[in-house]
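Chain and residue survey
Single-letter residue listing:
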Amino acid sequence: MKFIAKLFPEITIKSRPVRRRLIQRLQSNLQILLKRLDADIKVSGFWDKVEVSFAGQNDELSRQIVDEMRRVPGIQNFLEVQEYPLGNFDEAFQLTREAYAERLKGKTFKVRVKRTGQHDFTSVEMERYIGGGLRQHTEAAGVDVRQPEVWVDLEVRDNKLFVVTANHKGLGGYPLGTQEDVLSLISGGFDSIVASYMTMRRGCKTHFLFFNLGGHAHEIGVKQVALYLWKRYGASARVKFITVPFEEVVGEILQSVHHSHMGVVLKRMMMRAADKVADRMQLNALVTGESVAQVSSQTLPNLRLIDESCEHLVLRPLVTMDKPDIIDITRQIGAFEFASAMPEFCGVISDKPTTCARRERVEEEESHFDFDVLERALEQTEVMRIDEIVENQNINSEIEAMTRVGGHQTLIDIRSPREQERKPLNLPGCDIRVMPFYQLASEFPVLPQEREYLLYCDKGVMSQMHAQHLHELGYENVKVFRPATL
């Protein structure tokens, strides 16, 4: 089985050295990701494509490869193909009919041949022969050269024939790691999620910076969505998750700053802190999810003053986007449920906030702020590798993990509906409830509390985090379910 990845068009217009470097990185990223599925998968880089292949026919492995390649930055689209020696036209027709007969039933089609190399026939001649054969020897509705329902795609490269059985859309963008690293300020809401995704798609290794304004539930939610984004779109690179405790900073702002300027001052304090973190990590740019005029602190005058508080370049991928479009992207990337379920937290809420702050007034307000508070927050910064998030000290290792479900216990599957549908639990005799993570806060309290509940997720990371949170809320009847095998 073979997959042919076509390059993001902007890669093809680069100079030869740059293009070669981008292709090599794409090849390397695919190797890292796909070797985790099967060590025998082969990834080969060429001037205009990257090929992925494995011996034999394995439908489940093919499905996993397709799912992975759809999420790898740098690929415009990729073809799922069967490779054969190039014989005569009739042999090519027989192979094509075998691959397309079912799909052509009752539908119009057009044959499309792409040819590379020296041959004694033209692409049009091959298209006419195979198209005529399919029209006569399949149940197709006929040929439509303008708007066919099915494209029959073939590629001829020298002495090989590739029958394209599927054409999948890729993520586009540049291969991850080909652009400089960035530090994304992530709150877990729609905007910061999409901004982080967009820089990852553009080829930047995106590290995550979270300002905890108060509340363990919020921190759990942000870690969860950051881990999801990394696993889905950036797992070929190792990145950091950084937490800065900002509760004391918020308290100082509430005491020292006029209510109309609290929002702008809070953003400036965040940018100052992000500046220091980025310096330590030797990063060139910060990323935020701000969009012009979406809230009072995001008017152009206020954004200008916020930017003046830091020295790093500030990237705002969403700067002109509308909120509905941003929300639509979270649905496309599978992060809508994370963002919509993000726990509420206590922050700075300005009364009649200014939309046109002046530098002199902001500096006056900040003159009352005790900057030692900001320094203490930075001294308490926690840094961890994103893939080791469950090992962080905030995860309570004392929460018991069970390998079996007893008669007095109920297993709660907290995975998202898509994960549950893809890999349903099969544990005959067990009492199982389906309760996606975003329903726990509202539905767990109404469960019969005389029973014991085991939370389950695929990797055991989120079940640990949510179990700890429920413990902190006073529910001691919660453990995690971590079977040896399913």
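Quick notes on the rules
- Residues numbered from 1 in each chain as written.
- Predicted model: local features only at pLDDT ≥ 70, side-chain atom pairs only at ≥ 80, totals over all residues.
- Heavy atoms only, no water.
- UniProt positions renumbered as here; feature names shortened; annotations may be inferred.
- Pairing = 2+ DSSP bridges.
- Helix = DSSP H or I, 4+ residues; strand = E, 2+ residues; numbered from the N terminus.
- Axes fitted to C-alpha atoms, helices over the stretch in contact; angles between N-to-C directions.
- Parallel < 35°, antiparallel > 145°, perpendicular 65-115°, else oblique.
- Contact = heavy atoms within 4.5 Å.
- Nonpolar A, V, L, I, M, F, W, Y, C, P; charged D, E, K, R; others polar.
- Right-handed = clockwise from strand over helix to strand, strands pointing away.
- Patch = residues over 30% accessible without salt bridge, like charges linked within 9 Å, V, L, I, M, F, W, Y side chains within 5 Å.
- Areas by Shrake-Rupley, 256 points an atom, 1.4 Å probe, with all protein chains shown as cover.
- Salt bridge = Lys/Arg side-chain N within 4 Å of Asp/Glu carboxyl O.
- Buried < 20%, exposed > 50% of the residue type's maximum accessible area, 1.4 Å probe, protein only.
- Domains from an automatic or database assignment.
- Buried area = accessible area lost by both parts, 1.4 Å probe.
- Polar contact = N/O pair within 3.5 Å; in protein donor to acceptor, adjacent residues only side chain to side chain.

By the naming in an unreviewed UniProt entry, the protein chain is tRNA sulfurtransferase, taken from Marinobacterium marinum. Regarding the protein chain, the UniProt comment filed under Sequence similarities (unreviewed entry) reads as follows: "Belongs to the ThiI family."

Describing the sheet that holds strand β16 (residues 409-413)
An order of β15-β19-β18-β16-β17 is seen for the five strands of this open sheet, with the pairing classed as parallel. Of all the strands in the sheet, just β15 (401-402) and β17 (432-434) have a single pairing partner and so form its edges. Examined bridge by bridge, β16 and β17 share three bridges and lie parallel to one another. Residue pairing for β17: D413 is matched across the bridge by V434.

Considerations on the packing of helix α8 (residues 247-256) against helix α14 (residues 371-379)
Orientation of α8 relative to α14, taken along the N-to-C sense of each, is 170°, at an axis distance of 9 Å. Considering the angle they form, α8 stands roughly antiparallel to α14. Taken together, the residues of α14 that come into contact with α8 (itself represented by E248, V249 and E252) are V373, L374, R376 and A377. Of the residues belonging to the contact of α8 with α14, the class tally is four nonpolar, no polar and three charged.

Structural notes on the pairing of strand β9 (residues 179-185)
As judged from the five bridges shared by β9 and strand β10 (residues 204-212), these two strands associate in the parallel manner. Opposite V182, over in β10, you have T206 as the bridge partner. As for the winding sense of the linkage, the β-α-β connection from β9 through helix α6 (residues 190-201) to β10 is right-handed. In this structure, β9 lies alongside strand β12 (residues 285-287), joined through three bridges in parallel fashion.

Looking at a nonpolar patch on the surface
A cluster of nonpolar side chains, namely V292, L300 and V319, defines an oily patch on the protein surface of about 230 Å² accessible area. Tracing the sequence through the fold places L300 in helix α10 (residues 300-307).

Some words on the sheet that holds strand β4 (residues 75-85)
Sheet architecture is open: eight strands sit in the order β2-β3-β1-β4-β8-β7-β5-β6, paired in mixed fashion. Since the sheet does not close on itself, it has two edges, and those belong to β2 (42-45) and β6 (142-143), each with one partner. Those strands touched by helix α2 (residues 16-35) are β1 (2-7), β2, β3 (49-53) and β4, and its axis lies near 175° from that of β2. Lying over the sheet, helix α5 (residues 123-137) contacts β5 (108-116), β6, β7 (150-157) and β8 (160-169), oriented at roughly 150° with respect to β5.

Quick notes on the UniProt feature "active site" (unreviewed entry) in the protein chain
Mapped onto the present numbering, the UniProt feature "active site" (unreviewed entry) falls at C457. With respect to the helices, strands and loops of the structure, C457 is situated in the loop between β18 (452-456) and α17 (461-472). The class for C457 is buried, based on a relative accessible area of 9%. Setting aside anything within four residues of it in sequence, one finds C457 in contact with I414, R415, M462 and S463.

Some words on the UniProt feature "binding site: ATP" (unreviewed entry) in the protein chain
Those places that UniProt annotates as "binding site: ATP" (unreviewed entry) correspond, in this numbering, to L185, I186, K267, G289 and Q298. Turning to its location among the elements, K267 is positioned in helix α9 (residues 262-281). Each residue touching K267, except ones within four places of it in the same chain, is listed here: E290, S297, Q298 and I306. Along the chain, the position of G289 falls in the loop between β12 and α10. We classify G289 as buried; its relative accessible area is 10%.

Details of the domain arrangement of the protein chain
Domain parsing of the protein chain yields domain 1 (2-169), domain 2 (179-393) and domain 3 (401-481). If you average the C-alpha positions of domain 2 and of domain 3, the two centres end up 31 Å apart. Residue-level contacts link 15 residues of domain 2 with 15 residues of domain 3. The junction of domain 2 with domain 3 conceals about 1200 Å² of combined surface from both sides, 68% of it contributed by carbon and sulfur atoms. When residues of domain 2 are sorted by the area they lose upon contact with domain 3, I220, Q224 and E337 head the list and together hold 41% of the total. At the surface where domain 2 touches domain 3, the tally comes to zero salt bridges. If you look at where domain 2 meets domain 3, you find one residue pair in polar contact (both at pLDDT 80 or more). Of all elements in the fold, only α7 (216-233) and α12 (336-340) reach the threshold of two or more residues within the side of domain 2 that touches domain 3. When residues in the side of domain 2 that touches domain 3 are grouped by element, the largest group, nine residues, is from α7.

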